[in-house]
Amino acid sequence: MVEKMYHLVLRLSKSMKDFELKELIKPLLNSMRNFNELNVKKSLEFLFSESVNIKMCHPFGIMNGSESFFDTAYRPLLNALPDLERRDMILVAGTTPEGNKWVGSMGNYMGTFVKPFLKIPPNGHLIHMRYHEFFCIEENKVVEMQIIWDIPELMMASNSWPMSPQLGAYLCTPSPMTSDGLDDHGDGKESIDLIKNMLSDMCLHPENPDPKIMNLDKYWHPQFNWYGPAGIGACRGIPGFRNWHQIPFLRGMPNRTVDKNSDVNSNWIAETHWIGSGPYVCETGWPNMRMNLTNDGWLGIAPVNKAIMLKSLDFWRIESGLIRENWVLVDLLDVFNQVGINVFERLNEFNKARNLGSLTSLEDK
């Protein structure tokens, strides 16, 4: 069945338009709704090129090939959540200004947490873990993926997060309030330009110390929601965004550099790809920001005076010319790792007295 679906799609899509990219991806996404190991593995095999380059959040790293991807990432997750399901909430497809075809997806993996995952202790309850996953497509095959799973979200759900408490709210990330995140919306160039202008103005501070230089009121809706990763949390409106994310972020890392193609002094290269569809914009950044961790530090990390790079995958929704919702995932576990903090070792210490076995009594008999 899987083979027939993909052969049909491939026959109909020799010169694919942007909106047709979704149709190529959908059989894979649909196979994960009621996660079936055989169907998912076959979908990955048919859709991915043999040399697909998969860039995933810490601790997974870089993988090549669909089999390695499944065995390294999905098999342990499915073992921990036997009733695993995928819930897509945003799906954006487009061609970058450079001519690359990408599809960005955002949603939540959900299921009953009955066995450890990455030694995170299970809690026996329905849990959620947000994902941002981007697919680069050439000749009807996925040749690259960039993936961030919000693994700290699982740690918090099981009351085992071993780092500092987050300032923002902890919640199951919602879908767009317009309920149209999976629809096709046409050209998104105007929306991309708005987001890029917003980021340019934001970077005028702190070189100019007046926060007003960032023109937040010009770009952001008065009631916007900023859905940050677990460890930072969600914020509401400019006051929430400033207090629970931006002020601590800029205080700890005031010299951030965003979206530079190259930096001769540091040898780092930003890898960013922009696509849009109507009011939706998404960007891959692997990495897209570099800064020194100084002053007050960040997220409970001491000011190590060391350069770090952020990998982030972001989505925005524009409403009446203003940003109404922004979904942001940053590979925070990689940030900790860059400064020598092993979150998983701390997790083991933090949960040494807990039972890390399977909660078999909660499984179906």
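This one's a predicted model, so the numbers in the text were calculated from it and none came from an experiment.

A count of helices and strands for the protein chain gives ten helices and 13 strands. Against the 2.2 N^0.38 benchmark of 21 Å for 365 residues, the protein chain shows a C-alpha radius of gyration of 20 Å, consistent with a compact globule. With the C-alpha coordinates of the protein chain rotated into their principal frame, the extents come out at 60 × 55 × 40 Å. Taken over 365 residues, the protein chain has a buried fraction of 55%. Considering only residue pairs separated by 6 or more positions, the protein chain has 66% of its internal contacts joining residues 24 or more positions apart. Carbon and sulfur atoms make up 49% of the accessible area of the protein chain, which totals about 16300 Å². In the protein chain, 36 positive and 43 negative side-chain charges are present, and the distance between their average locations comes to 3 Å.

Here the focus is unusual backbone geometry. Phi is mostly negative for residues that are not glycine, and the peptide bonds are mostly trans. A cis geometry characterises the amide bond from His58 onward to Pro59, with omega recorded as 10°. Unusually for a residue other than glycine, Asn159 sits at a positive phi of about 55°. For Asn159, a relative accessible area of 61% puts it in the exposed group. One non-glycine residue with positive phi stands out, namely Ser320, at about 50°. Secondary-structure assignment places Ser320 in the loop between strand E12 (306–319) and strand E13 (322–330). We classify Ser320 as exposed; its relative accessible area is 75%.

Okay, the nonpolar core next. Of all hydrophobic cores here, the largest spans 112 residues; its most connected members are Phe48, Phe69, Trp149 and Trp220. In this view, Phe69 contacts Leu44, Phe48, Ile54, Met56, Met63, Tyr74, Met145 and Ile147; residues no more than four positions away in its chain are not counted.

Across the 13 residues of strand E5 (residues 126–138), eleven count as buried, placing the element largely inside the fold. Pairing between E5 and strand E6 (residues 141–149): eight bridges, direction antiparallel. Each bridged residue has a counterpart across the sheet, and for Phe135 the counterpart in E6 is Met145. Linkage of E5 to E6, two consecutive antiparallel strands, is achieved through a turn of two residues, within which Glu139 is found at a positive phi near 50°.

Working definition: two side chains of opposite charge can pair if their charged atoms are close together. What the rule picks out here adds up to 17 salt bridges. With a closest N to O distance of 2.8 Å, Glu37 and Arg75 form a salt bridge. On the criterion of sequence distance, the pair formed by Glu37 in helix H3 (residues 37–47) and Arg75 in helix H4 (residues 66–80) is long-range, its members being 38 residues apart. Overall, the relative accessible area of 33% leaves Arg75 in the partly exposed class. We note a salt bridge from Lys352 to Glu349, for which the minimum N-O separation is 3.0 Å. Classification of Lys352 by relative accessible area gives exposed; the value is 60%. Among the ionic contacts, a cluster of salt bridges with common partners joins Arg317, Glu319, Arg324 and Glu325.

All right, on to H3 then. Val40, Ser43, Leu44 and Leu47 are the residues of H3 that are buried. Along H3, the residues classed as buried sweep out an arc of 95° about the axis, all on the same side. When the buried face of H3 is taken as reference, the exposed residues oriented beyond 90 degrees from it are Leu38 and Glu45. Structurally, the start of H3 carries an N-cap: the backbone nitrogen of Leu38 is 3.1 Å from a side-chain oxygen of Asn36.

Rules and cut-offs
Residues numbered from 1 in each chain as written. Predicted model: local features only at pLDDT ≥ 70, side-chain atom pairs only at ≥ 80, totals over all residues. Heavy atoms only, no water. Helix = DSSP H or I, 4+ residues; strand = E, 2+ residues; numbered from the N terminus. Rg over C-alpha atoms; globule rule 2.2 N^0.38 Å. Buried < 20%, exposed > 50% of the residue type's maximum accessible area, 1.4 Å probe, protein only. Contact = heavy atoms within 4.5 Å. Areas by Shrake-Rupley, 256 points an atom, 1.4 Å probe, with all protein chains shown as cover. Lys, Arg positive; Asp, Glu negative; His and termini not counted. Charge placed at Lys NZ, Arg CZ, Asp CG, Glu CD. Core = buried A, V, L, I, M, F, W, Y, C linked by side-chain atoms within 4.5 Å. Pairing = 2+ DSSP bridges. Salt bridge = Lys/Arg side-chain N within 4 Å of Asp/Glu carboxyl O. Arc of directions from axis to C-beta. Polar contact = N/O pair within 3.5 Å; in protein donor to acceptor, adjacent residues only side chain to side chain.

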